[in-house]
Structures are given as structure tokens and as C-alpha cells.
Amino acid sequence: MEKKITLPKHKFHIKTGDTVLVIGGNSKGQRGVVKEVIVEKDRARVEGVAMITKHMKPTASNPQGSLEKTEGSIHISNLKVVDPATGEPTRTGRKLNEKGKLQRYSKKTGNFIPDQSAGAGRK
């Protein structure tokens, strides 16, 4: 049986490459850069935040096995975008820029938030 693919019902306020502040959960108060946005689960992986330990089985190349620390995922509602101009966390909105394209902006300062993903789309 084929797995059903569901598209997101809305756009997210964060993108890959954004600097974010964690506003809830065990990692509250930490800042980091978004490495990946998991659209299907409304979650994101943030660099250096929500670290989890994975136990790796022994293999021929690694006969002892090991413990690896990796980033876990955080629900998007627990993240707030940091305004690049001021360094303060802010809510975001969307409005038309000079070229007539919708772009995110900071609701605190009114400045547009530049797209820092450089071609990396949402996964």
C-alpha cells in the first residue's frame, strides 16, 4: 500500500538558515540556526539545540560501537525568529516588497527579513 503524501496547510514563519530563539520546552532560551524544517511533522532541527544521544551498534569499521550526539527536532510553535538587524526575537508577517513579491518582515521593526537559505528549500 502506498504512503499518502500530505502537503502543508500553511506556510511556516521560519526557514532553513534563520537564526531562532527557543521559547518553550527543555531548551528554552537557547539560540541557533535552523538546519532543517520537517514540513510533515511541523518540526525543525536547530543547530546545537535539543541534543539527543544515539547509541551506535558495533560494526566492522567501528568494533566498539559509540555514542553520538545529534540535534533532535523542536516543534515550530516553540521557535521565534531573531531579527537580523536588532538581534531581538520578533513575530513575523508577510507583505509585498518593491518587486511585488511576498516577503517576511519583522513586526517589531517593520524591516524585511532576508532569505538566508541560499537556494535550500524546505524538506
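Residues numbered from 1 in each chain as written. Predicted model: local features only at pLDDT ≥ 70, side-chain atom pairs only at ≥ 80, totals over all residues. Heavy atoms only, no water.

An unreviewed UniProt entry annotates the chain as Large ribosomal subunit protein uL24 of Spirosoma endbachense. As recorded by UniProt, the Subunit (unreviewed entry) comment attached to the chain reads in full: "Part of the 50S ribosomal subunit." In its Sequence similarities (unreviewed entry) section, UniProt records this for the chain: "Belongs to the universal ribosomal protein uL24 family." (UniProt positions renumbered as here; feature names shortened; annotations may be inferred.)

Here the focus is the pairing of strand E1 (residues 19-22). Looking at chain direction, E1 and strand E2 (residues 31-38) are connected through three bridges and run antiparallel. In the strand pairing of E2, leucine 21 is matched with arginine 31. (Pairing = 2+ DSSP bridges. Helix = DSSP H or I, 4+ residues; strand = E, 2+ residues; numbered from the N terminus.)

Moving on, we come to the nonpolar core. Within the largest apolar cluster, 15 residues are counted, with the highest numbers of intra-cluster contacts made by Ile14, Val34, Val46 and Leu79. Looking at this core, the elements that each hand over two or more residues are E1, E2, strand E3 (43-46) and strand E7 (79-82). Setting aside its immediate chain neighbours within four residues, leucine 79 contacts His13, Ile14, Val20, Leu21, Val22, Ile23, Ala44, Val46 and Ile74. (Core = buried A, V, L, I, M, F, W, Y, C linked by side-chain atoms within 4.5 Å. Buried < 20%, exposed > 50% of the residue type's maximum accessible area, 1.4 Å probe, protein only. Contact = heavy atoms within 4.5 Å.)

Let us look at the environment of lysine 101. Summarising the element assignment, lysine 101 is placed in the loop between strand E9 (92-96) and strand E10 (102-106). Assessed through its relative accessible area of 59%, lysine 101 is described here as exposed. The residues touching lysine 101, leaving out its near neighbours within four places in the chain, are Lys95 and Leu96.

Quick look at the packing of aromatic side chains now. On inspection of all chains with the given rule, the structure shows zero aromatic pairs. A cation sits over an aromatic face here: lysine 95 above tyrosine 105, 4.6 Å from the ring centre. When the ring centre of phenylalanine 112 is taken as reference, the NZ or CZ atom of lysine 95 above it lies at 5.6 Å. (Phe/Tyr/Trp six-rings, centres within 6.5 Å; stacked < 30°, edge-to-face > 60°. Lys NZ or Arg CZ within 6 Å of the ring centre and 35° of its normal.)

This part takes up the UniProt feature "domain: KOW" (unreviewed entry) in the chain. In this numbering, the UniProt entry assigns the feature "domain: KOW" (unreviewed entry) to residues 13-40. A distance of 15 Å separates the end C-alpha atoms of residues 13-40, which is 0% helix and 43% strand.

Take the domain arrangement of the chain next. The domains assigned to the chain are domain 1 (7-58 + 66-82) and domain 2 (88-113). Each of domain 1 and domain 2 has a C-alpha centre, and the two are 22 Å apart. Each partner contributes to the interface: domain 1 provides 11 residues, whereas domain 2 provides eight residues. Of the roughly 740 Å² buried where domain 1 meets domain 2, counting both sides, 54% is carbon and sulfur surface. At the boundary of domain 1 with domain 2, the tally comes to one salt bridge. (Domains from an automatic or database assignment. Buried area = accessible area lost by both parts, 1.4 Å probe. Salt bridge = Lys/Arg side-chain N within 4 Å of Asp/Glu carboxyl O.)

All right, on to the pattern of salt bridges then. For the coordinates displayed, the defined rule picks out three salt bridges. Between glutamate 36 and arginine 45 there is a salt bridge, with its nearest N and O atoms 3.1 Å apart. The class for glutamate 36 is partly exposed, based on a relative accessible area of 25%.

In this section: the pairing of E7. The pairing of E1 with E7 spans three bridges and is antiparallel. Counterpart to valine 20 in the pairing with E7 is valine 81. In the sheet, E7 pairs with strand E8 (residues 89-90) via two bridges, with the strands oriented antiparallel. Its bridge partner being in E8, valine 81 is matched across the sheet by threonine 90. Linking E7 back to E8 in an antiparallel pair, the connection comprises six residues, with glycine 87 at a positive phi of about 80 degrees.

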